[in-house]
Amino acid sequence: MHIPPYHKRKGWQRFLVGTFIGAIIAYFIFVYMHGYMYEQLLGENRELKSKVNELENQNEALLKDKQDLDEKSKEALTVDSIEINITNKEELRLDRLIIHDLEELMKKEIEDIIGQDVTIVSESSELLEATIQNKNFKVDDFTYNFVVQKTVISQTVKITVEAKISN
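Residues numbered from 1 in each chain as written. Predicted model: local features only at pLDDT ≥ 70, side-chain atom pairs only at ≥ 80, totals over all residues. Heavy atoms only, no water.

Per an unreviewed UniProt entry, the protein goes by Sporulation membrane protein YtrI C-terminal domain-containing protein and derives from Virgibacillus subterraneus.

Here is the structure:
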């Protein structure tokens, strides 16, 4: 049995080279699409994990508060959640995952205020700001410092910070 020498013809050579280059381009497109999809899923996974942790902390604080409700008056407001906003994330070109990690690290530093009375937290707002400003947060080989610009204390504590990279 004899295999015909198609590899010597110019038409077949062009066809085989085109097929090979097309396969390489298709592989790179596949790798790009897979990486983009994986990044989206990873971001969504981290957001859902942080929501679960936040809700668990809130649930524990509310259960503890429910036990103490008999002793306290019903009019006392407690801190239910914490929201952190980084104002200059576009200037530092921070991606979603880094922003999410930084917000989680800051929330972890001040999570003890969840379940506390709003008046107690408002009296110690300077301590709350100093806790964030004096701490260095490390994410992906970069160390970040924050300056608190605005703090709103109610049932939801809203903190607006400005990030600075320090090395």
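There's plenty left to go through after this.
Visitor: Looking at this structure, how should I read the overall build of the protein?
Guide: Assigned secondary structure in the protein consists of four helices and four strands. Counting helices and strands in the order they occur from the N terminus, the protein gives α-β-α-α-α-β-β-β. A compact globule built from 167 residues should have a C-alpha radius of gyration of about 15 Å, whereas the protein, at 27 Å, is more than 25% larger. Once the C-alpha set of the protein is aligned to its principal axes, its extents read approximately 95 × 35 × 20 Å. Long-range pairs, those at least 24 residues apart, make up 60% of the contacts in the protein between residues at least 6 apart in sequence. With an accessible surface of roughly 12500 Å², the protein has 55% of that area assigned to carbon and sulfur atoms. Side chains of the protein give 21 positive and 29 negative charges; the mean places of these two sets differ by 16 Å. (Helix = DSSP H or I, 4+ residues; strand = E, 2+ residues; numbered from the N terminus. Rg over C-alpha atoms; globule rule 2.2 N^0.38 Å. Contact = heavy atoms within 4.5 Å. Areas by Shrake-Rupley, 256 points an atom, 1.4 Å probe, with all protein chains shown as cover. Lys, Arg positive; Asp, Glu negative; His and termini not counted. Charge placed at Lys NZ, Arg CZ, Asp CG, Glu CD.)

Visitor: Sorry, what's going on with the pattern of salt bridges here?
Guide: One pass over the full model with this rule turns up three salt bridges. Here Glu54 ties to Lys107 by a salt bridge, and the two come within 3.4 Å at their closest N and O atoms. Residue Glu54 is found in helix H1 (residues 10-68), and its partner Lys107 is found in helix H2 (residues 96-109); the two are separated by 53 residues along the sequence. (Salt bridge = Lys/Arg side-chain N within 4 Å of Asp/Glu carboxyl O.)

Visitor: For this particular structure, what's the right way to read unusual backbone geometry?
Guide: Leaving glycine aside, a negative phi is the common case for residues, and trans is the common case for peptide bonds. One non-glycine residue, Arg93, adopts positive backbone phi at about 55°. Position of Arg93 relative to the elements: it lies in the loop between strand S1 (81-86) and H2. Assessed through its relative accessible area of 77%, Arg93 is described here as exposed. Positive phi values are uncommon outside glycine, yet Asp141 reaches one of about 65°. (Buried < 20%, exposed > 50% of the residue type's maximum accessible area, 1.4 Å probe, protein only.)

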